[in-house]
Amino acid sequence: GSRVGDVRSAGVLSALVVGNQSAIEREDWDLFRITGVAHLMAISGLHVTMFAWLAVAVVGALWRGLARVWPAALLAVPAPLAAGVGGIGLATVYALFSGWGVPSQRTVIMLSVVMGLRLHARRWPWPVVWLTAMVVVLMLDPWALMHAGFWLSFVAVGILFASDPGRSLPGGADRAEAVTPRWQQVLSKGLGLLREQSVVTVALAPLTLMLFGQFSVVGLVANLVAIPWVTLQVTPLAMLGVIWAPLWDLAAWAA
């Protein structure tokens with residue numbers, strides 16, 4: 001708040017970085033709620049996944065840099081193992097720091113399972129990974145069954161996988177991308193985002209009505225704009241502002 005002059009923007013950044021949702025102004029919450037984008041103003045699985053991806057990349061680069069000075073380090077611990085364990089470990093710390101909500105728990109567990117399978121060159125069917133994450137979350141917090149976030153989080157992920165059984169789990173490599181033109185990849189990903197958002201919005205409508213007694217009819221269009229903007233612009237700038245404070249000014253402008 002002392003760095004960002006705009007109180008409303010500061011509240012949004014505080015919610016995105018440390019999960020302090022109480023910092024968001026009441027009128028802003030009303031706006032986010034009626035447009036169906038309130039889920040973006042919390043530490044979600046998407047934020048934890050993005051943080052994990054960045055952490056894996058940074059730890060891997062640092063470990064390979066260390067190996068140039070101390071080759072024995074790479075022989076003792078291969079770079080993929082160091083990057084995977086270090087990245088997931090940092091993502092876990094971030095999730096704990098931001099409140100350890102159900103979406104964060106689910107994401108950390110799923111990422112840990114997927115990373116463990118990749119490091120052991122194995123692949124599980126998505127229902128097994130999905131159910132494993134659900135069981136572990138409930139073992140850690142049985143009362144999570146009483147939270148709306150538990151059902152929305154797991155149902156949304158289950159719907160995405162069930163509607164596309166052939167999808168790759170996070171971190172998987174798609175060999176076809178190596179020979180596909182860049183513009184086709186961008187178009188395909190854009191259409192995939194539209195399809196996924198449409199499927200989740202329609203499929204979660206009954207659950208949203210049951211849990212909250214309301215449903216945003218403009219949520220699909222609003223999320224098509226808000227999800228990439230908040231995920232790729234506002235949230236990264238807000239997170240990096242912890243390292244270099246001037247970036248918070250850019251994050252506030254984007255918010």
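Since the structure is predicted, the reported quantities are computational estimates derived from the model, not experimental observations.

Cut-offs applied
- Residues numbered from 1 in each chain as written.
- Predicted model: local features only at pLDDT ≥ 70, side-chain atom pairs only at ≥ 80, totals over all residues.
- Heavy atoms only, no water.
- Helix = DSSP H or I, 4+ residues; strand = E, 2+ residues; numbered from the N terminus.
- Rg over C-alpha atoms; globule rule 2.2 N^0.38 Å.
- Buried < 20%, exposed > 50% of the residue type's maximum accessible area, 1.4 Å probe, protein only.
- Patch = residues over 30% accessible without salt bridge, like charges linked within 9 Å, V, L, I, M, F, W, Y side chains within 5 Å.
- Areas by Shrake-Rupley, 256 points an atom, 1.4 Å probe, with all protein chains shown as cover.
- Salt bridge = Lys/Arg side-chain N within 4 Å of Asp/Glu carboxyl O.
- Core = buried A, V, L, I, M, F, W, Y, C linked by side-chain atoms within 4.5 Å.
- Contact = heavy atoms within 4.5 Å.
- Phe/Tyr/Trp six-rings, centres within 6.5 Å; stacked < 30°, edge-to-face > 60°.
- Arc of directions from axis to C-beta.
- pLDDT = per-residue confidence, 0-100.

Caption draft 1: Representation of the overall build of the chain. Secondary structure assignment for the chain yields 11 helices and zero strands. Along its sequence from the N terminus, the chain presents helices and strands in the succession α-α-α-α-α-α-α-α-α-α-α. In summary, the chain has a C-alpha radius of gyration of 19 Å against a globular reference of 18 Å for 255 residues, a match within 12%. Projected onto its principal axes, the C-alpha coordinates of the chain cover approximately 55 × 45 × 45 Å. Burial analysis of the chain (255 residues in total) assigns 38% to the buried set.

Caption draft 2: Highlighting a nonpolar patch on the surface. A contiguous nonpolar surface patch, about 810 Å² in accessible area, is contributed by W143, L145, M146, W151, M210, L211 and F212. Considering each element in turn, the nonpolar patch owes the most residues, three residues, to helix α9 (residues 182-212). Within the element layout of this structure, M146 appears in the loop between α7 (126-140) and α8 (148-163). Residue M146 is classed as exposed on the basis of its relative accessible area of 62%.

Caption draft 3: The arrangement of the pattern of salt bridges in detail. Under the counting rule described, the total for this entry stands at two salt bridges. For D28, the salt bridge is made with R8, and the minimal N-O distance between the two is 2.3 Å. Linking D28 in helix α2 (residues 26-34) with R8 in helix α1 (residues 7-18), this pair joins segments that are 20 residues apart in sequence. The shortest N-O distance in the salt bridge between D30 and R33 comes to 3.5 Å. Taken together, the residues span about one helical turn, with D30 and R33 both in helix α2 at a distance of three residues. On the accessibility criterion, D30 (32% relative accessible area) is partly exposed. A relative accessible area of 40% means that R33 is categorised as partly exposed.

Caption draft 4: Geometry of the nonpolar core. Counting 21 residues, the largest nonpolar core has L13, F32, V37, L40 and M41 as the members making the most contacts within it. Every element with two or more residues in this core is listed here: α1, α10 (219-240) and α11 (247-254). For this core, the element with the highest residue contribution is α10, accounting for seven residues. Apart from the residues lying within four places of it in its own chain, the contact partners of V37 are F32, A222, N223 and A226.

Caption draft 5: Structural view of the packing of aromatic side chains. On inspection of all chains with the given rule, the structure shows five aromatic pairs. When the ring of F51 is compared with that of Y94, the centres are 4.5 Å apart and the planes differ by 15°; the resulting orientation is stacked. Separated by 43 residues along the polypeptide, F51 in helix α3 (residues 45-69) and Y94 in helix α5 (residues 79-97) bring together distant segments of the chain. By relative accessible area, Y94 is classed as buried at 8%. Aromatic side chains F150 and W151 sit 5.2 Å apart centroid to centroid with 90° between the ring planes, which places their arrangement in the edge-to-face category. Of the residues examined, W151 reaches a relative accessible area of 36% and is grouped as partly exposed.

Caption draft 6: Layout of α11. Of all the positions in α11, only L247, A251, A252 and A254 are classed as buried. Projected onto a plane normal to the axis of α11, the buried residues spread over an arc of 160° and lie on a single side.

Caption draft 7: Spotlight on the side chain of S104. Structurally, the position occupied by S104 is in helix α6 (residues 102-119). Note on S104: relative accessible area 1%, which makes it buried.

Caption draft 8: Representation of the confidence of the model for the chain in the model. Looking at the chain as a whole, the pLDDT averages 80, with 91% of positions reaching at least 70. Taken as a whole, residues 168-177 scores under 50 in pLDDT and shows 13 contacts with residues more than four places along the chain or in a different chain.

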